[in-house]
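Observations on chain architecture
Each chain is listed here by its residues.
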Amino acid sequence: MVDILNIEDFRRRRVTVDDVKLQRILHVDDDADIRAIVQMSLELVGNFEISQCHSGEQALAVAKDFRPDLLLLDFMMPEMTGQELAARLAAECDIGSVPVIFVTAKAEESFSNDLVAAGALAVITKPFDPMTLASEIEKIWQSTPRVSAV
Amino acid sequence: MKMFGNFFKLGVLKLVAGVSGTVGFFLFAFSVAQYMLASKQQLGVVPGRYISEQFALNQLVVFFLFMFTLAVLSMLRRRGEDEKAAILQHMDREIAIRENAIDVHALVSRIGADGTILAVNSNLCSCLGYTSKDLIGQSSEFLVPADAENAEDTDMREAVSNGRVWSGIQQIKTKSGELRHFATTLLPETNADGHVQQIVEIRTDITESRRSQSLQFLTTALEELQDAVFIYDMKSLTINYANRSALASCGWTKETMLAKRINDTAATFDAGHFRKHVEPLVKGEVSAVNIEVVSPNGPVEISTRLIDGLDGRPNFLSVVRDLSWRREMENEKLRSVSMISHELRTPLTSIHGALRLLRSGTAGAMEEKTMSVVQIADRNTDRLLEIVNDILDFEKIKANKMDFSHSELDLVGLVGEVEQLMTGYAAEHGVDIRLVQNVGHATVLGHSERLVQVMTNLMSNAIKYSDRGGCIVVSLAPVAGGLRVSVADNGPGITKEQRRKLFKPFSQVMPADGRKRPGTGLGLAIVTAILQRLEFPVSVDSEVGAGTVISFDVPSHKIVMMGAEPAAKAVS
């Protein structure tokens, strides 16, 4: 299920998470309502700066200018999966190694475990609680091992 | 024919003998006269004629010969009459034997012209349960009422009144009320002018042969059944009957099956397990026991009952039904339900999220009335999500997609955590949770998330079914062979019959108080499925009006450490 070729990319990004405060999040989801909920949750509850895209193509277009600290990607999207998008963002946009959190309706643990093993920071399953989403992301961010970029 | 031949021969012989006797007499008289004349001639009294003395003597011989013939004939005649008498006697005897045979073999009665029963034989009486006194003098309709279901009734009446023989099937009720079938022949006896004088009724009881015919039919149906059927002695487990499908499943023939026991049907047959399985049946607690097992040919359901064998000894009757197609169908159903549930998750996330934001006031302040409406929507979205999650969980377990890997976990701590988690829910229902821990610490092998799921389900169930102001008891106690975790409520309880349905998916059992509680009917199915995978045996104890206790045992081989003191002390 998880493309093995991407594992190295993810690993590299994980170890180069900078010891910076999490501020800018790029959120990609094809569902407008989910985008609205996430926006309220992250902006109003969490005070993050957030940029939202409805498709992978749009994300590829805005990513370089937005320079996100974190990618929050829906996994199941019509054109490309969140994982494919993460790989293309890393390869095509000059944004460095940005850590990824996937959001998915798939609840199988094995699926989540595979994504994390392939380098994702974490996997958040739907339905999530908008009141705690921001703090959950913050917690994940804090608990990630920090290694300064070489 | 022989008889008439004899008569004929005797008649001719008599005639011949009569004629020759008469001729002989005249010849004799003539020859005596001649002899006397000849004597006179010799003396010289009548001259001129000569008759030889020799001729006269010859005539004498002829006479005696005729006399002899006559004697023989009369003897013959007497013997012929004797023979005739013997033949008649023989005929009489033959008729008597035939009558006797009919009398012994069949049910015979005679009916007068007016329809009164004139005579009955003992067979008829004993078959119908009447005495001859009961029947003689009664109308024939006493036995065969005109309104009985004898379809050929009118046909029969018409034939008999016209003096024709009638044969057909009749149904007659015995004295005890049992309806029996008879092959019947009615023989009317007519006088010279064609009037029926009496009717002889001859019947044969064909009830048994009809019954065995229908049994034969049923046996054929049993043989053709796709399900395998075994009938075997309760004590020795020797197989008395196996239908075609059963024989095929074991690779046996009718001949090789003889002397086989039910133990021989599968290499993995465990007699001890079997005896335990059928125990409630033998004790008469249930009418049938069912079990699902995986045979080499796929999953099967075995339903066993107790029946009386031909020899009156108790026999087990087991029907083995192939479940593969049903499993396949169930899985298909579950897959589609799971797909739909999956699709529901995304919109539910939005609804749930929107309502949460509204409730929290993040999206702006709300009036109290508006808030209460939002709360209703939010609460029910939670319920909907619970259903969706249950369905997905259940499908995951069934499809082997759930993780059951074992690791060491602190069971006492885990139970305490779940209890903490449930306090809110319990308070909403006005129910107290009491924790009774007879072990201080217990490290067991299991899957903590799965066990949390089990405990959450059991406790929320117990709370749901408790009355306001009631209390549930969660206890941990060492038992023979392991550690028992049980959740008890003092709710309405369930009946024994319902207990078996309790763990079936989507089968919410109606509690004894008749009040249905919200839920998917999947909770306990998930609990059992999980406990089965973890190999923790489950048990239910419930009595109507006295609450329900659901427990599971952690077997001793899965207990790493267990002690009376709390974990902290044990470590130090």
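Structure report, in brief. Bear in mind that the values here come from a model prediction, so they are computed numbers and not experimental data.

**Some thoughts on the sheet that holds strand β15 (residues 482–489) of chain B**
Residue and element names in this part refer to chain B. Overall, mixed pairing links the five strands, which are arranged β12-β14-β15-β17-β16 in an open sheet. Strands with a single pairing partner mark the edges of an open sheet, and in this sheet they are β12 (432–437) and β16 (538–543). With strand direction ignored, the average angle separating the axes of adjacent strands in the sheet is 15°. Where strand β14 (residues 471–479) and β15 come together, seven bridges link them in antiparallel fashion. Residue pairing for β15: Val 479 is matched across the bridge by Gly 482. Set on the sheet, helix α12 (residues 411–428) makes contact with β12, β14, β15 and β17 (547–555); between it and β12 the angle comes to about 170°.

**With respect to the sheet that holds strand β5 (residues 196–205) of chain B**
Residues and elements named next belong to chain B. One open sheet holds the five strands; their spatial order is β2-β1-β5-β4-β3, and the pairing between them is antiparallel. The sheet terminates laterally at β2 (117–120) and β3 (166–173), the two strands that pair on one side only. Looking at each pair of strands side by side, their axes are set apart by 30° on average, direction ignored. Bridge count between β3 and strand β4 (residues 179–190): eight bridges; the pairing is antiparallel. Note that in β4 the partner of Ile 169 across the bridge is Ala 183. In the packing of helix α5 (residues 153–161) onto the sheet, contacts are made with β3, β4 and β5, and the angle to β3 comes to roughly 125°. Lying on the sheet, helix α6 (residues 207–224) is in contact with β3, β4 and β5; it crosses β4 at an angle near 140°.

**Regarding the nonpolar core**
Counting residues in hydrophobic clusters, the biggest one holds 50 residues, and the most contacted among them are Leu 411, Met 455, Met 459, Ile 472 and Phe 552 of chain B. When contributions to this core are tallied by element, the ones reaching two or more residues are α11 (368–398), α12, β13 (441–446), α13 (448–464), β14, β15, α15 (523–534) and β17 of chain B. Here this core gets eight residues from one element, more than from any other, and that element is α15 of chain B. Beyond its immediate stretch of four places on either side in the chain, Met 455 of chain B contacts Leu 414, Val 415, Val 418, Val 474, Val 485, Val 487 and Phe 552 of chain B. Core analysis: the second largest hydrophobic core is formed by 24 residues, Ala 59, Leu 73, Leu 85 and Phe 102 of chain A among them.

**Details of helix α10 (residues 324–360) of chain B**
All names here are of chain B. Taking 1.5 Å per residue as the helical rise, α10 with its 37 residues ought to reach 54 Å, and the 51 Å between its terminal C-alpha atoms agrees with that figure. Taken as a whole, α10 carries its principal kink of about 35° at Thr 346; the proline Pro 347 stands between one and four residues after it. Two residues or fewer after α10 comes Gly 361, characterised by a positive phi angle close to 85°.

**Quick word on unusual backbone geometry**
Here Lys 126 of chain A and Pro 127 of chain A are connected by a cis peptide whose omega angle stands at 0°. Tracing the backbone shows Pro 127 of chain A in the loop between β5 (122–125) and α6 (130–143). A positive phi angle, close to 50°, is found at Arg 67 of chain A, a residue other than glycine. You can see Arg 67 of chain A is positioned in the loop between α3 (56–66) and β3 (70–74). A relative accessible area of 54% means that Arg 67 of chain A is categorised as exposed. Although it is not a glycine, Ala 259 of chain B sits at a positive phi angle of roughly 70°. With respect to the element layout, Ala 259 of chain B can be found in the loop between α8 (254–257) and α9 (271–282). Classification of Ala 259 of chain B by relative accessible area gives exposed; the value is 71%.

**Here's the deal with the interface of chain A and chain B**
Between chain A and chain B, the contact holds 18 residues from the first and 20 residues from the second. Seen at the junction of chain A and chain B, the total is one salt bridge. The salt bridge partner of Asp 129 of chain A is Arg 356 of chain B, with a shortest N-O separation of 3.3 Å. At the boundary of chain A with chain B, the tally comes to three residue pairs in polar contact (both at pLDDT 80 or more). When contributions to the side of chain A that touches chain B are tallied by element, the ones reaching two or more residues are α2 (32–45) and α6 of chain A. It is α2 of chain A that contributes the most residues to the side of chain A that touches chain B, six residues altogether. Of the residues contributing to the side of chain A that touches chain B, the split by class is 11 nonpolar, no polar and seven charged.

Conventions used here
Residues numbered from 1 in each chain as written. Chains lettered and ligands numbered in written order. Predicted model: local features only at pLDDT ≥ 70, side-chain atom pairs only at ≥ 80, totals over all residues. Heavy atoms only, no water. Pairing = 2+ DSSP bridges. Helix = DSSP H or I, 4+ residues; strand = E, 2+ residues; numbered from the N terminus. Axes fitted to C-alpha atoms, helices over the stretch in contact; angles between N-to-C directions. Contact = heavy atoms within 4.5 Å. Core = buried A, V, L, I, M, F, W, Y, C linked by side-chain atoms within 4.5 Å. Buried < 20%, exposed > 50% of the residue type's maximum accessible area, 1.4 Å probe, protein only. Expected span 1.5 Å × (residues − 1). Bend = angle between axes of the 7 residues up to and from the residue. Salt bridge = Lys/Arg side-chain N within 4 Å of Asp/Glu carboxyl O. Polar contact = N/O pair within 3.5 Å; in protein donor to acceptor, adjacent residues only side chain to side chain. Nonpolar A, V, L, I, M, F, W, Y, C, P; charged D, E, K, R; others polar.

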